[in-house]
Amino acid sequence: MKKLFFAALLGGLIACQQQQTVNIAVDQQLDYCAHQVHRSLETLRDSAGGYDYTMEPRNILQEQATWNCRRASAEEWCSGFWPGILWMDYSYTKDEDVRKAAEGYTEALSFLGTQPVYDHDLGFLVINSFLKGYETTGSKSYKQTALAAADTLATLFNNKVGTLLSWPRHVKDYGGHNTIMDNMINLELLFWAAENGGSSRLKDIAVKHAETTMKHHFREDGSCYHVAVYDTLTGAFIKGVTHQGYADSSMWSRGQSWAIYGYTMVYRYTQDARFLAFAQKVTDIYLKRLQETSNDWVPLWDMDDPRGLQAPKDASAACVVASALLELCQYVDTEKGKAYKDAAIHMLSDLSTDLYQSREKNVAFLMHSTGHHPNGSEIDASIIYADYYYIEALLRLRTIQDKG
């Protein structure tokens, strides 16, 4: 049945590709990102010509042209994305002004290596800033901050449950230990630390979290709940619900994108065939539903929103998936790898049109992302994490192309 399912999906992807062959000029799009980075930096300067590095870009709402910033803190989960964008842009341009800005915005988060954990987003905060910085510069201080943060993140692990607690402040609200799908991304900090001087226990925690999540956080077809709730004392699974999706039973697009990215990353660190198979399962249902519900390669914010094409899109989900597929395509067989790579290129091609790129409308890379729809927050907006995964995906595609 699985082979038949993918054969049908692959056939659909090939049929779509035959109708329209898509190529993307990667360097042209990276040049566009570099242009927008400089425009952003100009708007972020203070009257003296410097930057308040403690204020990190978060979003640009409709009819706005510049970033709304929030003070860097453990409670602001998006604080790491802007320094990560700067590090990635610097890796492409070698622009020293961008490097200096990346250093400043990264250093503004150095407190993350010394204070108690606030919630699971410590991973997002550190991976996107200090790890990107370490990857680019080899800085020993960045490495030490990341290692310290990994130890801190691990304090959220519940041995009875087998996952990291996501929101300590919401345990009473959900009636138990809550773990959200976004938490899969944070495992990278634990895996990385275990390979770079940290305790091997960090990898054990990450693997157990991935295993437990794989067992309880998904429906039979591979679509995921946003939140899994467990009994804090016994570890028993209680229920799967949503927080940011349309309904408990719906496919919230960004949640599914976290699953695709997360299990691809877990396979990278473990080389465990179970995780590779599961990464494909959660990817295939996403691609199938995308073809059924969207008029292009950018999904609705939730694929079960009854408004259909009248519902807002979520460019951020497309960016996350495109980046993940450009890694996953290198782990699977040739035929499936080509389908995944081609799907990612289609996504990036659509995202790189004037329909989604901000261009002169504002200083972000992209428009039309959706943050927290049920809360009425950041709907049809430019959001910093969409830009982060967009430039990451472009750089991954460039690396693949360079390899031939």
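A. Fine view of the state of the cysteines. The full count for this structure, using the stated rule, is 0 disulfides. For the unlinked cysteine Cys33, the closest cysteine sulfur is that of Cys319, found at 9.5 Å.

B. Region of interest: unusual backbone geometry. Phi at Gln271 takes a positive value of approximately 55°, unusual for a residue other than glycine. Looking at the element boundaries, Gln271 is found in the loop between helix H10 (253-270) and helix H11 (273-293).

C. Spotlight on the packing of aromatic side chains. Going through the model one piece at a time under the given rule, you end up with 28 aromatic pairs. Ring centres of Tyr51 and Tyr105 lie 6.2 Å apart, and the angle between their planes is 50°; this geometry places the pair in the tilted category. Of this pair, Tyr51 sits in the loop between helix H2 (26-44) and strand S1 (55-60) while Tyr105 sits in helix H4 (residues 96-107), and the two are 54 residues apart along the sequence. A single burial state applies to Tyr51 and to Tyr105, both of which are buried. In this structure an aromatic cluster arises from ring pairing among Trp77, Phe81, Phe124, Trp258, Tyr261, Tyr385, Tyr388 and Tyr389. The ring centre of Tyr225 lies 4.5 Å from the NZ or CZ of Arg219, which sits over that ring. The cationic tip of Arg274 hangs over the ring face of Phe275; the distance from NZ or CZ to the ring centre is 4.9 Å.

D. Structural detail: empty space enclosed by the protein. Using the criterion set out here, one finds 2 cavities of 30 Å³ or more in the structure. Ala74, Leu112, Gln115, Pro116, Val117, Tyr118, Asp119, Leu122, Leu125 and Thr152 are the residues that line the largest cavity. Its residues assigned to classes, the lining of the largest cavity shows 7 nonpolar, 2 polar and 1 charged. Lining the second largest cavity are Arg219, Cys224, Tyr225, His226, Thr242, Ala247, Asp248, Ser250 and Trp252. Tallied by class, the residues present in the lining of the second largest cavity amount to 4 nonpolar, 3 polar and 2 charged.

E. Region of the structure containing the sheet that holds strand S9 (residues 377-383). With respect to topology, 4 strands assemble into an open sheet ordered S2-S1-S9-S8, the strand pairing being antiparallel. Taken across any chain shown, the strands that pair with only one partner, and hence form the sheet edges, are strand S2 (68-71) and strand S8 (369-372). On average, adjacent strands in this sheet sit at an angle of 50° to one another, irrespective of strand direction.

F. Local environment of the layout of surface pockets. The computed volume of the largest pocket comes to approximately 660 Å³. Lining the largest pocket are 28 residues, and of these Lys132, Glu135, Arg268, Glu392 and Arg396 lie nearest its centre. For the lining of the largest pocket, the secondary structure elements donating two or more residues are helix H3 (81-93), helix H5 (122-137), helix H8 (183-195), H10, helix H12 (315-328) and helix H14 (384-403). It is H14 that contributes the most residues to the lining of the largest pocket, 8 residues altogether.

G. Molecular detail of the environment of Asp296. Among the secondary structure elements, Asp296 is positioned in the loop between H11 and H12. Look at Asp296 and you get buried, because its relative accessible area is 17%. Not counting chain neighbours up to four residues away, the residues in contact with Asp296 comprise Leu290, Lys313, Asp350, Leu355 and Tyr356. At a separation of 2.7 Å, a polar atom in the side chain of Asp296 contacts the side chain of Lys313. Within the local environment of Asp296, its side chain forms a polar contact with the side chain of Tyr356, the two groups lying 2.7 Å apart.

H. H14, seen in detail. Taking 1.5 Å of rise per residue, the 20 residues of H14 would be expected to cover 28 Å, and the 29 Å separating its terminal C-alpha atoms lies within 8% of that figure. The buried fraction of H14 is high, at 15 of 20 residues. Following H14 by one or two positions, Gly404 adopts a phi angle in the positive range, close to 85°.

Criteria and thresholds
- Residues numbered from 1 in each chain as written.
- Predicted model: local features only at pLDDT ≥ 70, side-chain atom pairs only at ≥ 80, totals over all residues.
- Heavy atoms only, no water.
- Disulfide = S-S within 2.5 Å.
- Helix = DSSP H or I, 4+ residues; strand = E, 2+ residues; numbered from the N terminus.
- Phe/Tyr/Trp six-rings, centres within 6.5 Å; stacked < 30°, edge-to-face > 60°.
- Buried < 20%, exposed > 50% of the residue type's maximum accessible area, 1.4 Å probe, protein only.
- Lys NZ or Arg CZ within 6 Å of the ring centre and 35° of its normal.
- 1 Å grid on protein atoms, 1.4 Å probe; cavity = no way out; pocket = protein on both sides within 12 Å on 5 of 7 lines; lining within 4 Å.
- Points joined across faces, edges and corners; volume = space filled by probe spheres on them.
- Nonpolar A, V, L, I, M, F, W, Y, C, P; charged D, E, K, R; others polar.
- Pairing = 2+ DSSP bridges.
- Axes fitted to C-alpha atoms, helices over the stretch in contact; angles between N-to-C directions.
- Contact = heavy atoms within 4.5 Å.
- Polar contact = N/O pair within 3.5 Å; in protein donor to acceptor, adjacent residues only side chain to side chain.
- Expected span 1.5 Å × (residues − 1).

Read these as layout, nothing more, since geometry by itself doesn't imply function.
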